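Chain by chain, the residues:
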Amino acid sequence: MCDDNTAMTNGGFTIGDTTVSGRVVLAPMSGYNDLPFRLLCRRFGASLVYTGLLSAKSIYYSPRALGSPRTEAMLALHPEEHPVVIQLFAGDVDILEAAARAIEPLGMAMIDINMGCAKRKVLKSGSGAALMQDAAKVGEIFDRLSRALSVPVSGKIRLGWDDADRNYMDVARAMADNGAALIAVHGRTAEQDFTGEADWDAIAHVKHSLDVPVLASGDVKVAADVDRILDATGCDGVMIGRAAIGNPWIFQGVDRFSLTWPERVPVIVEHLGMMVEHHGENYGVSWFRKHLRAYLAGSGVVRRERHAMMQCRDEVRLIALLQASI
Ligand SMILES: Cc1cc2nc3c(=O)[nH]c(=O)nc-3n(C[C@H](O)[C@H](O)[C@H](O)COP(=O)(O)O)c2cc1C
């Protein structure tokens, strides 16, 4: 643990009855934030972890099974990962309410509504960032959910649809006025997707205008950025997304490039083992490869060895390749 990195170790905030000890949060990331990755990030110091977005419609249409097998696997919570936030998406308030009620007994710290996803598949059902185009509907969603559920409800927004429509304050107010327990702000518009720079001043605007906890999201690239974004925005906490992929050390305040490859390999092997245990060898190794690609970036491992690792489908052989690369 890096002692001089105060944000990693100090402070915290409250959501409902849950005290979050620390201010550094694993951002929701669809396709990455399965149970093994959430657990790993918690062990490395993330004070709160999010699932990726899950379809409320899929849960609504099969509430007994809690959605598709993929959704159900994401909903398998582990006692050691708490506090954990489950993120839902839908464009319909009845569907959101029914799905939230169905998953509430799982015991998450909070249910979060995705209002930032700009993928066509999500937008076309009026969910994700499409919700930001209707602040009144956002208010209705938060009013309904915060009355219907005993678990706190939060939302993650962007700055608006595009530069001409940066309505984040209207949406954030609609949330705060209707019972939102926390607001996370990714400092880009939907049109920007991941291009350009996150606007930390806009995130600060939300934090300084409202009386609910606010989390800042966007462009934390190295450990030192955690204190920078907290200072710049005054937020209660900060989310780390892309910079955590292949890099759980960032939650300890450590940049992976300050570690040698032999220091990193045991963690990579542990992560692989967790994925195989959770998903089985076939899916576990196959899905681990996108994490492995990130672990290998800038590792100094030569191309031929990297290629052999990325092709490998067998856990024991992959561990042998990783250990041989030290
Ligand atoms: C692969 C990937 C998947 C993401 N999935 C989600 C998601 O499911 N829900 C969400 O609210 N944001 C999602 N995001 C956005 C992140 O939570 C975060 O706001 C964004 O990446 C900016 O933060 P960063 O610069 O720390 O990556 C995703 C981002 C990435 C890179």
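All figures in this text were calculated on a predicted structure; none of them were measured in a lab.

What counts and how
- Residues numbered from 1 in each chain as written.
- Predicted model: local features only at pLDDT ≥ 70, side-chain atom pairs only at ≥ 80, totals over all residues.
- Heavy atoms only, no water.
- Helix = DSSP H or I, 4+ residues; strand = E, 2+ residues; numbered from the N terminus.
- Rg over C-alpha atoms; globule rule 2.2 N^0.38 Å.
- Buried < 20%, exposed > 50% of the residue type's maximum accessible area, 1.4 Å probe, protein only.
- Patch = residues over 30% accessible without salt bridge, like charges linked within 9 Å, V, L, I, M, F, W, Y side chains within 5 Å.
- Areas by Shrake-Rupley, 256 points an atom, 1.4 Å probe, with all protein chains shown as cover.
- Salt bridge = Lys/Arg side-chain N within 4 Å of Asp/Glu carboxyl O.
- Lys, Arg positive; Asp, Glu negative; His and termini not counted.
- Charge placed at Lys NZ, Arg CZ, Asp CG, Glu CD.
- Pairing = 2+ DSSP bridges.
- Axes fitted to C-alpha atoms, helices over the stretch in contact; angles between N-to-C directions.
- Contact = heavy atoms within 4.5 Å.
- Parallel < 35°, antiparallel > 145°, perpendicular 65-115°, else oblique.

### Considering the overall build of the protein chain
Part 1: A tally of helices and strands in the protein chain yields 13 helices and ten strands.
Part 2: Against the globule reference of 20 Å for 326 residues, the protein chain gives a C-alpha radius of gyration of 19 Å, in line with a compact fold.
Part 3: Taken along its principal axes, the extent of the C-alpha atoms in the protein chain is 60 × 45 × 35 Å.
Part 4: Buried positions account for 57% of the 326 residues belonging to the protein chain.

### What to know about a positive patch on the surface
Part 1: Residues Lys57, Arg70, Arg120, Lys121, Lys124 and Lys290 make up a contiguous surface patch of positive charge.
Part 2: Locating lysine 290 in the fold gives a position in helix H11 (residues 261-296).
Part 3: Overall, the relative accessible area of 32% leaves lysine 290 in the partly exposed class.

### A closer look at the sheet that holds strand S9 (residues 214-217)
Part 1: The parallel closed barrel is built from eight strands, whose spatial order is S3-S4-S5-S6-S7-S8-S9-S10. The average angle at which neighbouring strand axes cross in this sheet is 25 degrees, direction not considered.
Part 2: Helix-sheet contacts for helix H5 (residues 93-103) involve strand S5 (84-89) and strand S6 (110-115), and the interaxial angle to S5 is about 150 degrees.

### Describing the packing of helix H2 (residues 35-43) against H11
Part 1: Two numbers describe how H2 lies on H11: the axes approach to 9 Å, and their chain directions differ by 70 degrees. If you check the angle between H2 and H11, you find them roughly perpendicular. Contacts between H2 and H11 involve Leu35, Pro36, Phe37, Leu39, Leu40 and Arg43 from the former and Glu270, His271, Met274, Met275, His278, His279, His291 and Tyr295 from the latter.

### Side note on the pattern of salt bridges
Oppositely charged side chains can form a pair if their charged atoms are brought close together.
Part 1: Tallied over the full model, the rule gives 13 salt bridges.
Part 2: Shared partners join several salt bridges into a network, and the residues in it are Asp94, Glu97, Arg101 and Arg144.

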